[in-house]
Amino acid sequence: MLPTKSKSFNPHQTSLVKLQQSAKESPNTCRVGMAVTLTFLVLLCITFTHTFSNVASSHLHGNPTNTNSRTERKMYPEVQKISRRDRQRILVTGGAGFVGSNLVHRLLREGHYVIVVDNFFTGRKDNLHQWLGFDHLEIIRHDVIEPIHLEVDRIYHLACPASPPHYMYNKIKTVKTSTQGTLNMLGLAKRTKARILLTSTSEVYGDPLVHPQKEDYWGNVNMLGPRSCYDEGKRLAETLMMSYHEQSNVDTRIARIFNTFGPHMHPSDGRVVSNFIVQALQGQDLTIYGDGMQTRSFQYVDDLVDGLMKLMESDETLPVNIGNPREMTIKEFASIIQKKIGTNNPNGKEVNIVHLKSTKDDPRKRKPDISKAKRVLGWEPKVSTEDGLDSTIKYFLGEIERLGEIDIVGPLARRTLREEERERE
Ligand code: NAD
Ligand code: UDP
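Bear in mind the structure is a predicted one, so any value in this text is a computation, not a measurement.

1. Notes on the overall build of the protein
Consideration 1: Tallying secondary structure elements over the protein gives 12 helices and 16 strands in all.
Consideration 2: If you take every contact in the protein between residues at least 6 apart in sequence, the share linking residues at least 24 apart comes to 77%.

Right, here's the structure in full:
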């Protein structure tokens, strides 16, 4: 919500001045005046004590309203009141990114104290704009490949670019983030005895030979391919989690996340959901890489956040798939977007589908087996793809309005699709 200005007006003070003035005017009215003044002062004391205790308790219980300065008052989203004992101090690495910011929002609303650590490679402060200045949120610009000393109870370790063009942009950095970054967070967890959750990925299954993918499948990953910086990085991150758990008793959780979409995705994210929606809203062709017969299963971000929080508070230390098992081809997905957005673009025409060259090592099939998540977490996705897409389209409409025309990032990481198109012409 927007900050609202409050005037520095004190009704008590104004009334007192008036009373004092009238006391000077006549001796009879003086006594009456003094009595009224005294009554007023008592009332003032009561009001002050009441206000003070409210401020103190709002500090303890996370009142949604937080006064930053005498002149500026910012309204924050409603937060739950929880006792100091139940309030956790939670570190979210990558908390300014797509999934991270949605998770931070939920944790703050549940009354916890959150520390975000992010290097803002793909994350944006804007994703947390509703909460900027809130007492229970700290944002630290920091790269997880460097150690950091903090005191925390829980660590959600998300820091890592997740979109193929973003993680391929600087492959060495992606490997360092997944490995050195995870080592640093595990070191922090070991020192503080905090529980740590790693956001791993369905990419650990590579181009899977088993379908749907269950947690006990070891995967089919090309360790030399363009995706390996991410896939192998996350596989090693899982190994580090298990090693610290077994050897040093660190309390670990591993979530294997399948394709997720929703508000706060970067407009130039480069993944299929944001690309197709932004293309359709801007009246551009939807670009399918290859024949479009490859499949994915898309989950809405609120379901993922729910699953991550359930996993964190569970006893399960082995990996758990978190995804929506509704599988579709990319071709089907393109026509869903085509139908949903229709002619809602500046040209008022329905957009076409074009096929571009397929990308190397693009997994042909992907669908989670979520029987373990159902069994051990009592979790399953609740939001339908259609409802999730409606909120996401609304979000991207707002982003286009705010930022102007958005350039789509192509599959080759360093170029936009428009640059690639120019090269082909
Ligand atoms: P994102 O790119 O939106 O967010 C990643 C965040 O990490 C960004 O804020 C980025 O600035 C930050 N970051 C990157 N490198 C960092 C570093 N070295 N130090 C500090 N901060 C760093 O991606 P996302 O979709 O929100 O993904 C979040 C996590 O979930 C990632 O670990 C990703 O692997 C995992 N995941 C996501 C999906 C998905 O579909 N969104 C699927 C599988 C796994
Ligand atoms: N994809 C596509 N057009 C795009 C972006 C992606 O056809 O503009 C395809 C991509 O080749 C892959 C699928 O959509 O087969 C999902 O890609 P995304 O980058 O969203 O995530 P991935 O699951 O590959 O990590």
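What follows continues from the structure just given.
2. A word on the site of ligand 2
Consideration 1: The full set close to ligand 2 counts 13 residues, and R271, V272, N275, Y289 and Q294 are the nearest of them.
Consideration 2: Looking at the shell around ligand 2, the element that brings in the most residues is strand β11 (residues 286-289), giving 3 residues.
Consideration 3: Along the lines of polarity and charge, the residues of the shell around ligand 2 split into 5 nonpolar, 5 polar and 3 charged.

3. Observations concerning the packing of helix α7 (residues 272-281) against helix α11 (residues 385-403)
Consideration 1: The contact between α7 and α11 brings their axes to 10 Å, and the two run at 60°. By the angle between their directions, the pair α7 and α11 is classed as oblique. Two packed elements cross with a definite hand, and for α7 against α11 that hand is right-handed. Only T392, I393, F396, L397 and I400 of α11 make contact with α7, whose side of the interface consists of V273, I277, V278 and L281.

4. Overview of the sheet that holds strand β9 (residues 252-257)
Sheet strands pair via backbone hydrogen bonds, and the direction of the pair is either parallel or antiparallel.
Consideration 1: Here 7 strands make up an open sheet; going across it, the order is β6-β5-β4-β7-β8-β9-β14 and the pairing parallel. Taken across any chain shown, the strands that pair with only one partner, and hence form the sheet edges, are β6 (137-141) and β14 (320-322). When strand polarity is set aside, the average angle formed by the axes of neighbouring strands in this sheet is 20°.
Consideration 2: Two strands pair when backbone bridges link them, and β9 and β14 are joined in this way by 3 bridges, in the parallel orientation. Its bridge partner lying in β14, R256 is registered against N321.
Consideration 3: Against the sheet, helix α8 (residues 301-312) contacts β7 (154-157), β8 (195-201), β9 and β14, and its axis sits at roughly 160° relative to β9.

5. What to know about the environment of S228
Consideration 1: Within the secondary structure, S228 sits in helix α6 (residues 228-248).
Consideration 2: Taking C-alpha positions, S228 is 9.5 Å from V204, a pair spaced 24 residues apart along the chain.
Consideration 3: Those residues in contact with S228 that lie beyond four places of it in its chain are V221, N222 and M223.

6. Description of the site of ligand 1
Consideration 1: G94, G97, V99, T122 and G123 are the nearest of the 30 residues found near ligand 1.
Consideration 2: Of all the elements in the fold, those that place two or more residues in the shell around ligand 1 are α3 (98-109), α5 (171-192) and β8.
Consideration 3: Looking at the shell around ligand 1 element by element, the count peaks at 3 residues for α3.
Consideration 4: Here the residues of the shell around ligand 1 are counted per class, giving 13 nonpolar, 15 polar and 2 charged.

7. What to know about unusual backbone geometry
The bulk of non-glycine residues show a negative phi, and the bulk of peptide bonds are trans.
Consideration 1: Here the bond from H211 into P212 is cis, since omega is -10°, no more than 30 degrees from zero.
Consideration 2: Residue position: P212 is located in the loop between β8 and α6.
Consideration 3: Positive phi, close to 85°, is recorded for H264, a residue that is not glycine.
Consideration 4: As for its placement among the helices and strands, H264 is situated in the loop between β10 (260-261) and α7.
Consideration 5: Of the residues examined, H264 has 22 C-beta atoms within 10 Å and is grouped as buried.
Consideration 6: Its identity as a non-glycine residue notwithstanding, D361 has a phi of 65°, on the positive side.
Consideration 7: Under the C-beta neighbour-count criterion, D361 is labelled partly exposed, with 16 such atoms within 10 Å.

8. Thoughts on the confidence of the model for the protein
Consideration 1: Considering every residue of the protein, the mean pLDDT works out to 86; 81% of them sit at 70 or more.
Consideration 2: Taken as a whole, residues 47-68 scores under 50 in pLDDT and shows 23 contacts with residues more than four places along the chain or in a different chain.

9. A word on the environment of L311
Consideration 1: Mapped onto the secondary structure, L311 falls in helix α8.
Consideration 2: Taking the C-alpha atoms as reference points, L311 and I322, 11 residues apart in sequence, are found 9.5 Å from one another.
Consideration 3: Other than its neighbours up to four places away in sequence, L311 contacts L197, R253, A255, E316, V320 and L377.

10. Topic: the pairing of β9
Consideration 1: In terms of burial, β9 is largely enclosed, as 6 of its 6 residues are buried.
Consideration 2: Across the two faces of β9 the burial is the same, with T252, I254 and R256 and R253, A255 and I257 all buried.
Consideration 3: Across 6 bridges, the pairing between β8 and β9 is parallel. Counterpart to T199 in the pairing with β9 is A255.
Consideration 4: In this fold, the crossover linking β8 to β9 by way of α6 has right-handed handedness.

11. What about α11?
Consideration 1: With 19 residues, α11 extends 26 Å between its outermost C-alpha atoms, agreeing within 8% with the 27 Å of an ideal straight helix rising 1.5 Å per residue.
Consideration 2: Looking only at α11, the buried set comprises G388, L389, T392, F396 and E399. Projected down its long axis, α11 shows its buried positions confined to an angular sector of 90°, all on one face. Pointing more than 90 degrees away from the buried face of α11 are the exposed residues E386, D387, D390, K394, G398 and E401.

12. Quick notes on α3
Consideration 1: The terminal C-alpha atoms of α3, which comprises 12 residues, lie 17 Å apart, in line with the 16 Å expected from a rise of 1.5 Å per residue.
Consideration 2: Most of α3 sits inside the fold, with 10 of its 12 residues counted as buried.
Consideration 3: What α3 keeps buried is the set F98, V99, G100, S101, N102, L103, V104, H105, L107 and L108.
Consideration 4: Downstream of α3 by a residue or two, G111 has a phi angle that is positive, lying close to 95°.

Calculation criteria
Residues numbered from 1 in each chain as written. Chains lettered and ligands numbered in written order. Predicted model: local features only at pLDDT ≥ 70, side-chain atom pairs only at ≥ 80, totals over all residues. Helix = DSSP H or I, 4+ residues; strand = E, 2+ residues; numbered from the N terminus. Contact = placed C-beta atoms within 7 Å. Near = placed C-beta within 6 Å. Nonpolar A, V, L, I, M, F, W, Y, C, P; charged D, E, K, R; others polar. Axes fitted to C-alpha atoms, helices over the stretch in contact; angles between N-to-C directions. Parallel < 35°, antiparallel > 145°, perpendicular 65-115°, else oblique. Left-handed = near helix turned anticlockwise from the far one by under 90°. Pairing = 2+ DSSP bridges. Buried ≥ 20, exposed ≤ 12 C-beta atoms within 10 Å, placed from the backbone. pLDDT = per-residue confidence, 0-100. Right-handed = clockwise from strand over helix to strand, strands pointing away. Expected span 1.5 Å × (residues − 1). Arc of directions from axis to C-beta.

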